[in-house]
Amino acid sequence: MKPVAFDYERPRTLAEAVRLLSTNADAKILAGGQTLGPMLNLRLVQPTLIIDITRIAELTRVEEDGEAVTLGACVTHASIEDQKIVDPSNGFLAEVAHGIAYRAVRTRGTIGGSLAHADPAADWLSCLMALGAEVLLTGARGKRRIGVADFMRGALDTELEPDEIMDGVRIPKLSKKARAGFAKICRKSGEFADAIGAVLHDPERGVLRLVAGATQGRPIIIDPATCPIDMNFPPPLGPVRKKLEQSGLAADVYELNIHMAAIARALDKAHAQ
Ligand SMILES: Cc1cc2nc3c(=O)[nH]c(=O)nc-3n(C[C@H](O)[C@H](O)[C@H](O)COP(=O)(O)OP(=O)(O)OC[C@H]3O[C@@H](n4cnc5c(N)ncnc54)[C@H](O)[C@@H]3O)c2cc1C
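Predicted, not measured: the structure shown is a model, and the values here were computed from it.

**Remarks on the pairing of strand E2 (residues 27-30)**
Side-chain alternation along E2 places Ala27 and Ile29 on a buried face and Lys28 and Leu30 on a face that remains uncovered. Pairing of E2 with strand E3 (residues 49-52) involves 4 bridges; the strand directions are parallel. Residue pairing in the sheet places Lys28 in a bridge with Ile50 of E3.

**Some remarks on the sheet that holds E2**
The sheet built from 3 strands is open, its strands ordered E1-E3-E2 with parallel pairing. Each having just a single partner strand, strand E1 (7-9) and E2 make up the two edges of the open sheet. Across the sheet, the mean angle from the axis of one strand to that of its neighbour is 25 degrees, orientation sign disregarded. Judged from the 3 bridges that link them, E1 and E3 form a sheet pairing that is parallel. Paired with Tyr8 across the two strands is Ile50, which belongs to E3. In the packing of helix H1 (residues 14-22) onto the sheet, contacts are made with E1, E2 and E3, and the angle to E3 comes to roughly 165 degrees.

**Describing the domain arrangement of the protein chain**
For the protein chain, the domain assignment lists domain 1 (7-52), domain 2 (57-172) and domain 3 (179-271). For domain 2 versus domain 3, the distance between C-alpha centres works out to 20 Å. In this complex, domain 2 contributes 21 residues to the contact, which on the side of domain 3 involves 21 residues. Mapped by element, the contributors of at least two residues to the side of domain 2 that touches domain 3 are helix H4 (92-98), helix H7 (123-131) and strand E8 (152-154). Among the elements that take part in the side of domain 2 that touches domain 3, H7 stands out by supplying 7 residues, more than any other. Class assignment for the residues of the side of domain 2 that touches domain 3 results in 14 nonpolar, 5 polar and 2 charged.

Reading guide: rules and limits
- Residues numbered from 1 in each chain as written.
- Predicted model: local features only at pLDDT ≥ 70, side-chain atom pairs only at ≥ 80, totals over all residues.
- Buried ≥ 20, exposed ≤ 12 C-beta atoms within 10 Å, placed from the backbone.
- Helix = DSSP H or I, 4+ residues; strand = E, 2+ residues; numbered from the N terminus.
- Pairing = 2+ DSSP bridges.
- Axes fitted to C-alpha atoms, helices over the stretch in contact; angles between N-to-C directions.
- Contact = placed C-beta atoms within 7 Å.
- Domains from an automatic or database assignment.
- Nonpolar A, V, L, I, M, F, W, Y, C, P; charged D, E, K, R; others polar.

What follows is the structure, given as structure tokens:
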């Protein structure tokens, strides 16, 4: 199948992209096109206007302040894999990027496009929830900032308003002693995961966070505030398993077991650092 006919705009500024989006009810943002392309071809989406945001310089920015690094939404998976960015994560982001799809997909696919699409199996969602990152949104009514954990409402469902564009992702800097681990279970490398485990232990910043991703909805976040584990690392797996069981998102024993295996592997990787 082929897409329906649509108009195409390639603005050079974020303000112009927001103006186009807010004045065209059936417009769709195009970033790397790795997800939107197939959706257009299958006519799962039928926009009257495509707004290509890849020529907007602001969306490929890399900014650093004392506490965080902000990546523009159009920074590609490959740029992160190749460590062309300032890295707030002691190499963790590059490792996660390397596991996304195949190099051709990583060359075009963007961090913002992945988060905006909100596929529960997207690697960035689980990784960035573990890191405590925030997304930056710009719309006709101004700018706002929201944690990745709150940004995703559910499968393919986010807090993005119809007139909003994600312009960046703000990722806190890890301390030197922080340990992070990521494990993805899939049938073949280069595929979306059946289960994801992401772990961050950053005692200097008082953070211990485990994430079970590629569930049927939002990744499940496990930390001392929501689960009977303390800051000791690695945490006991019994309470973690119980929390996943109670979440209801791991639908059966097989699913629960592969999510526990992904978390255990991520913990092993982090512990080995
Ligand atoms: C073969 C294949 C294998 C893959 N495997 C994996 C995998 O293992 N792990 C993984 O995580 N991902 C995987 N992906 C997905 C890949 O990471 C895509 O890059 C990502 O899902 C979408 O990013 P994009 O930049 O291509 O967005 P696009 O396809 O351009 O857009 C996706 C959606 O987000 C919207 N959007 C894009 N950018 C913005 C923005 N800045 N603000 C608001 N809305 C926006 C678009 O309107 C569209 O609805 C795979 C894709 C393919 C084709």
